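Reading the structure
Residue strings, one per chain:
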Amino acid sequence: MNTDQIITLHGERELVQRVGHLFVASREEFLVAAADLVTWSSGVNAAFREGKRPHVIPGLTMRKLYTRRALADPESHRRLLRIADSGIEVRISDGPLAREAIVIDRRTAILAGPPVRGVRTFTVVQTPEVVDGVRTLFRATWEAATDLADCTAPPLLSDQARQILGALAAGHTDETGARLLGLSLRTYRRRVAELMTTLGANSRFQAGLLAQGLLEDGVSPGGPR
């Protein structure tokens, strides 16, 4: 394997500087797989603001694949609808994604790593066999996913649900969260389980990460602030 075909970038700024030009150069495919609307938002949006945006042209397939975490609140659902209205195909996967990634023209794959002290790493791969493998995983998940138009809008969350999200985002224990909300521990845990189902989160940790993402994105779980 040629290591020159694999580079690791640190943070969205470096992502834009080093590979943003590949976005606007897309001619065949621009595929995005993300758990929610947070993962690629800063880097990709920054590239788009600099004019490094794939153009919707004849022959270019643009697809965005998300998990149900992207449908966590009405505002996120509206954002997804705006994406679909721009000519991009959007589908929602009921299961987790093997990897959050962007695949460009079957030649480049960008894999998002977990944040470390608030900074994400992005691995850019141009090794044909690896790119083809990532693209194959995307296609398999895409075929099993649901078109956004067939997904129901998420319900508005109650004030209590938003308070629980805040407790999860703050990393509070169940005992502390229950005490802050004035609930019994049993009731608090039941409410958390119901909220996790609504958010499509598989764990309290995942629900907390999603809550943090919504708050950092300037969106309350019940809609715009």
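It should be emphasised that the depicted structure is a prediction, and the values quoted were computed from it without experimental measurement.

A separate point is the confidence of the model for the protein. With 79% of its residues at a pLDDT of 70 or more, the protein has an overall mean of 80. Predicted confidence is poor over residues 215–225, with pLDDT under 50, and the contacts of this stretch with residues over four places away or in other chains come to 21 contacts.

So, about the sheet that holds strand S7 (residues 121–125). One open sheet holds the 8 strands; their spatial order is S1-S7-S6-S5-S2-S3-S4-S8, and the pairing between them is mixed. Each end of this open sheet is capped by a strand with a single partner; those strands are strand S1 (6–10) and strand S8 (146–147). The pairing of strand S2 (residues 29–34) with strand S3 (residues 61–67) spans 6 bridges and is parallel. In the strand pairing of S3, alanine 33 is matched with leucine 65. Each of S1, S2, strand S5 (101–104), strand S6 (108–112) and S7 touches helix H1 (residues 11–24); the most contacted strand, S1, lies at about 135° to it. Strands S2, S3, strand S4 (89–93), S5, S6, S7 and S8 of the sheet are contacted by helix H4 (residues 128–144), whose axis makes an angle of about 70° with S3.

What characterises a pair of aromatic rings is the spacing of the ring centres plus the angle enclosed by the ring planes. Here the structure, examined in full by the defined rule, presents 2 aromatic pairs. Between phenylalanine 23 and phenylalanine 30, the aromatic rings sit 5.6 Å apart at their centres with planes inclined by 80°, giving edge-to-face as the arrangement. A relative accessible area of 1% means that phenylalanine 23 is categorised as buried. The exposure class assigned to phenylalanine 30 is buried, which follows from its relative accessible area of 2%. Between phenylalanine 138 and tryptophan 142, the ring centres sit 5.8 Å apart and the planes meet at 15°, which makes this aromatic pair stacked. Note that phenylalanine 138 and tryptophan 142 are positioned in helix H4 at a spacing of 4 residues, about one turn of the helix. With a relative accessible area of 6%, phenylalanine 138 lands in the buried category.

So, about the pattern of salt bridges. Considering all chains together, one arrives at 10 salt bridges under this definition. A salt bridge links arginine 135 to glutamate 29, with the nearest nitrogen and oxygen atoms 2.8 Å apart. One end of the pair, arginine 135, is in helix H4; the other, glutamate 29, is in strand S2, with 106 residues separating them in the sequence. The class for arginine 135 is buried, based on a relative accessible area of 10%. Ionic pairing is found between arginine 63 and glutamate 89, a salt bridge with its closest N-O pair at 3.4 Å. With arginine 63 in strand S3 and glutamate 89 in strand S4, this pair connects stretches of sequence that are 26 residues apart. Taking the relative accessible area as the measure of exposure, glutamate 89 reaches 35% and is therefore partly exposed.

Here is what the cut-offs are and how they apply
- Residues numbered from 1 in each chain as written.
- Predicted model: local features only at pLDDT ≥ 70, side-chain atom pairs only at ≥ 80, totals over all residues.
- Heavy atoms only, no water.
- pLDDT = per-residue confidence, 0-100.
- Contact = heavy atoms within 4.5 Å.
- Pairing = 2+ DSSP bridges.
- Helix = DSSP H or I, 4+ residues; strand = E, 2+ residues; numbered from the N terminus.
- Axes fitted to C-alpha atoms, helices over the stretch in contact; angles between N-to-C directions.
- Phe/Tyr/Trp six-rings, centres within 6.5 Å; stacked < 30°, edge-to-face > 60°.
- Buried < 20%, exposed > 50% of the residue type's maximum accessible area, 1.4 Å probe, protein only.
- Salt bridge = Lys/Arg side-chain N within 4 Å of Asp/Glu carboxyl O.

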